[in-house]
Amino acid sequence: ACAVEVGVMNLDEIVKAWQDHCAVVQAAQDELAVLSERQREFLRLVAKGFERGEASRLMGVSLRVLEKEAAAIKDATGLTQIEAVVLSVRAGWV
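Cut-offs applied
Positions within a chain are numbered from 1, following the residues in the order the chain's sequence is written. For this predicted model, a pLDDT threshold of at least 70 governs which residues receive local features, and a threshold of 80 or more governs which side-chain atom pairs are given and counted, while totals over whole chains, interfaces and linings are taken from all residues. With hydrogens and water set aside, each side-chain value is computed from the structure's full complement of heavy atoms. Helix and strand assignments follow DSSP, with helices taken as H or I runs no shorter than four residues and strands as E runs no shorter than two, numbered in order from the N terminus. For each residue, the accessible area found with a 1.4 Å probe, counting protein chains only, is set against the maximum for its type, and the residue is called buried under 20%, exposed over 50%, and partly exposed in between. Surface exposure here means Shrake-Rupley accessible area, sampled with a 1.4 Å probe, where a residue is shielded only by the protein chains that are shown. Definition of a polar contact: a pair of N or O atoms within 3.5 Å, with one able to donate and the other able to accept a hydrogen when the atoms are protein atoms, and with sequence-neighbouring residues admitted only if both atoms are side-chain atoms. By definition in these notes, contact holds between two residues if any of their heavy atoms fall within 4.5 Å. With axes taken as lines fitted to C-alpha atoms, and helix axes fitted only over the stretch in contact, angles between N-to-C directions fall between 0 and 180 degrees. Roughly parallel covers angles under 35 degrees, roughly antiparallel covers those over 145, roughly perpendicular covers 65 to 115, and oblique covers all other angles. Any helix carries an expected span of 1.5 Å times its number of residues minus one. For this quantity, the arc is that covered by the directions from the helix axis to the C-beta atoms. Residue types Ala, Val, Leu, Ile, Met, Phe, Trp, Tyr and Cys, when buried and joined through side-chain atoms within 4.5 Å, form a set referred to as a nonpolar core.

Draft legend 1. Expanded view of the overall build of the protein chain. Secondary structure assignment for the protein chain yields five helices and zero strands. Out of the 94 residues belonging to the protein chain, those deemed buried represent 29%. Accessible area for the protein chain stands at about 6,300 Å²; split by element, carbon and sulfur atoms hold 55% of it.

Draft legend 2. A look at the side chain of Glu-69. Following the sequence through the fold, Glu-69 ends up in helix 4 (residues 63–77). Looking at Glu-69, its side chain comes within polar contact range of the side chain of Arg-38, at 3.3 Å. Discounting chain neighbours no more than four positions away, the residues touching Glu-69 are Ser-36, Arg-38 and Gln-39.

Draft legend 3. Representation of the packing of helix 2 (residues 37–47) against helix 5 (residues 81–90) in the model. Closest axis-to-axis distance for the helix 2/helix 5 pair is 9 Å, and the angle between their directions is 90°. What the angle tells us is that helix 2 and helix 5 run roughly perpendicular. Here Phe-42, Leu-43, Val-46 and Ala-47 of helix 2 lie close against helix 5, whose contacting residues are Gln-81, Ala-84, Val-85, Ser-88 and Val-89.

Draft legend 4. Quick look at the side chain of Arg-44. You can see Arg-44 is positioned in helix 2. Here the side chain of Arg-44 touches Glu-37 through a polar contact of 3.2 Å, side chain to side chain. If sequence neighbours within four positions are ignored, Arg-44 has contacts with Glu-37, Trp-93 and Val-94.

Draft legend 5. Seen up close, helix 4. In a regular helix each residue adds 1.5 Å, so 15 residues correspond to 21 Å; helix 4 covers 21 Å between its end C-alpha atoms and thus fits that length. Taken together, the buried positions of helix 4 are occupied by Leu-66, Glu-69, Ala-70, Ile-73 and Thr-77. Seen from one end, helix 4 has its buried residues packed into an arc of 100°, which puts them on one side. Opposite the buried face of helix 4, at more than 90 degrees from it, the exposed residues are Arg-64, Lys-68 and Asp-75.

Draft legend 6. Representation of the nonpolar core within the structure. Counting 19 residues, the largest nonpolar core has Phe-42 and Leu-43 as the members making the most contacts within it. When contributions to this core are tallied by element, the ones reaching two or more residues are helix 2, helix 3 (52–59), helix 4 and helix 5. Ranked by the residues each element gives to this core, the list is headed by helix 2, at four residues. In this structure, Phe-42 is in contact with Arg-52, Ala-55, Met-59, Leu-66, Ala-70, Ile-73 and Gln-81, ignoring residues within four places of it in sequence.

Here it is, written out as structure tokens:
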């Protein structure tokens, strides 16, 4: 979903807002493209408010494995967990 300021917008403004939104989504997807599906699932769950223990249980892996995945996300992207979660939301994963 894209938040657009409420008010009257002409077609050019609507198109520009949509293009800007699409550019943000694409940039986020590109930056996170190096992540495995398990790492992406972890970010989805954290973005939804699950703590690591709950996420590991839902994913069917040990907390230790999930901790390694969290470290691998940081190593692969250079992002903190919070930054990676924000990008996952921008990428449309949540």
